[in-house]
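# Structure assessment
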Amino acid sequence: LKDPRGREIVLRLCAQADVFSENFKSGAMDALGFSAEALARLNPRLIAVSHKGFLPGPYEHRTALDEVVQMMGGLAYMTGPPGRPLRAGTSVNDIMGGMFAAIGVLAALVERRETGRGKLVRAALFENCAFLVSQHMAAYGVTGKALPPMSVRVSAWGIYDVFETADGQQIFFSVVTDSQWAAFCEAVGWQARLADPALKTNTLRVVARPTLIPEVAALLKAMTRAEIVALAERAGLPYAPIARPEDLFDDPHLNASGGLADT
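Described below are features of the structure shown in this document. Every chain is numbered independently, its residues counted from 1 as its sequence is written. Where totals are concerned, whole chains, interfaces and linings use all residues; where local detail is concerned, this predicted model gives features only for residues with pLDDT of at least 70, and gives and counts side-chain atom pairs only at 80 or more. Based on all heavy atoms of the structure, the side-chain values leave hydrogens and waters out of the count.

## A look at the layout of surface pockets
Here the largest pocket is characterised by a volume of approximately 400 Å³. Cavities and pockets are defined on a 1 Å grid built over the protein atoms alone: a cavity is a set of grid points where a 1.4 Å probe fits but cannot escape, while a pocket is an open set with protein on both sides within 12 Å along at least five of seven lines, and lining residues are those with an atom within 4 Å of any such point. Taken together, 22 residues make up the lining of the largest pocket; nearest its centre are E22, D30, S50, K52 and L120. Put simply, DSSP marks the helices as runs of H or I at least four residues long and the strands as runs of E at least two long, and each gets a number from the N terminus on. For the lining of the largest pocket, the secondary structure elements donating two or more residues are β1 (19–22), α2 (28–32), α3 (36–42), β2 (47–52) and β3 (120–124). Take the lining of the largest pocket: its biggest share by element is four residues, from β2. Classifying every residue of the lining of the largest pocket by side-chain character gives 12 nonpolar, four polar and six charged. Grid points are joined across faces, edges and corners, and a volume is the space filled by probe spheres set on the points. By volume, the second largest pocket amounts to about 310 Å³. Within the residue set of the lining of the second largest pocket, elements represented by two or more residues are β2, α6 (92–115), β3 and α7 (125–132). In terms of residue count, the dominant contributor to the lining of the second largest pocket is α6 (four residues). Here the term charged refers only to Asp, Glu, Lys and Arg, the term nonpolar to Ala, Val, Leu, Ile, Met, Phe, Trp, Tyr, Cys and Pro, and the term polar to all other amino acids, Gly among them. For the lining of the second largest pocket, a count of residues per class yields six nonpolar, nine polar and five charged.

## Observations regarding the nonpolar core
Counting residues in hydrophobic clusters, the biggest one holds 21 residues, and the most contacted among them are I159, F173, W181 and F184. Elements represented by at least two residues in this core include exactly β4 (159–164), β5 (170–175), α9 (178–188), α12 (209–221) and α13 (225–235). For this analysis, residues touch if any pair of their heavy atoms sits within 4.5 Å. Beyond its immediate chain neighbours, meaning those up to four positions away, F184 contacts I159, F173, V175, W190, L219 and L237. Only buried residues count toward a nonpolar core, which is a set of Ala, Val, Leu, Ile, Met, Phe, Trp, Tyr and Cys residues joined through side-chain atoms within 4.5 Å. Burial status follows relative accessibility: with a 1.4 Å probe on protein chains alone, a residue under 20% of its type maximum counts as buried, one over 50% as exposed, and anything between as partly exposed.

## A closer look at the sheet that holds strand β6 (residues 239–241)
Criterion used throughout: strands pair if DSSP finds at least two bridges between them. Overall, antiparallel pairing links the three strands, which are arranged β4-β5-β6 in an open sheet. Two strands close off the open sheet at either side, each with one partner strand: β4 and β6. Between one strand axis and the next, the sheet turns by 15 degrees as a mean value, whatever way the strands run. Looking at chain direction, β5 and β6 are connected through three bridges and run antiparallel. From the neighbouring strand, F173 faces β6, where its bridge partner is Y239. Its contacts with the sheet place α9 against β4 and β5, and it is angled at close to 120 degrees to β5. Comment: axis = line fitted to C-alpha atoms, over the contacting stretch for helices; angle = value between 0 and 180 degrees taken between N-to-C directions. Docked against the sheet, α12 engages β4 and β5, running at close to 40 degrees with respect to β4.

## Considering a nonpolar patch on the surface
Every patch collects residues that have over 30% relative accessible area and no salt bridge, joining them within 9 Å if they carry like charges and within 5 Å if they are nonpolar side chains (Val, Leu, Ile, Met, Phe, Trp, Tyr). Under the convention used here, a 1.4 Å probe and the Shrake-Rupley method define accessible areas, while residue burial counts only the protein chains that appear. The working definition used for a salt bridge is a side-chain nitrogen of Lys or Arg within 4 Å of a carboxyl oxygen of Asp or Glu. Taken together, the side chains of F100, I103 and F131 define a hydrophobic patch exposed on the protein surface, amounting to about 290 Å² of accessible area. Take I103: it is sitting in helix α6.

Note that all results are geometric; they support no functional claim without further evidence.
This is the structure we're talking about:
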């Protein structure tokens, strides 16, 4: 873009393009002569997309990375154990930045049908992260109590945990509704617990977690992962074997739906 020949190529493209997307540092495009205003003069129908670390404000000139905004946006605090902020296991803000920008472009294209004009669409990593933790912000706003990290949270569900299996595997297993509780108890022969009024509702089962979870853990520890999967399938219970990214290459569902392609 600093070379006159490259600049001429970009200008010719922009004159007939629908969308122009950039993720340079704040102010860089203005300095190069490719501000949104300059591009709009060249092509009033052009939709300019600006990917930044921060939207306009006190932080906009900072250098942002996914991990930077996870730390300052509260996501790392909610992910790690107390006192050990930990980034999420994937670049969630980088990915969401592109997704939010694409959604904005789609909206701008629809609007352009009516107005005949393009516009500037902006997406930023820090604002993505604030959106991700907004459920925790809302909880604080409603209760006035700061939430602990997810790693030590008080579960909203009676049974909602990772359990060990008889064959040395791990599985996430949950019972989140009263109808699922009935189905679970029927499946494992827990008639007495099903009839126990102290376990009748999810709220009561959350209170009973200190004694209930060890019982469930002992029950599942006596079963293999395949047996637990079969139990959950029969009873219609939410479950998930703990997978690693490399396991997904052989995932039968992803392969059946055409979601994976050889490259």
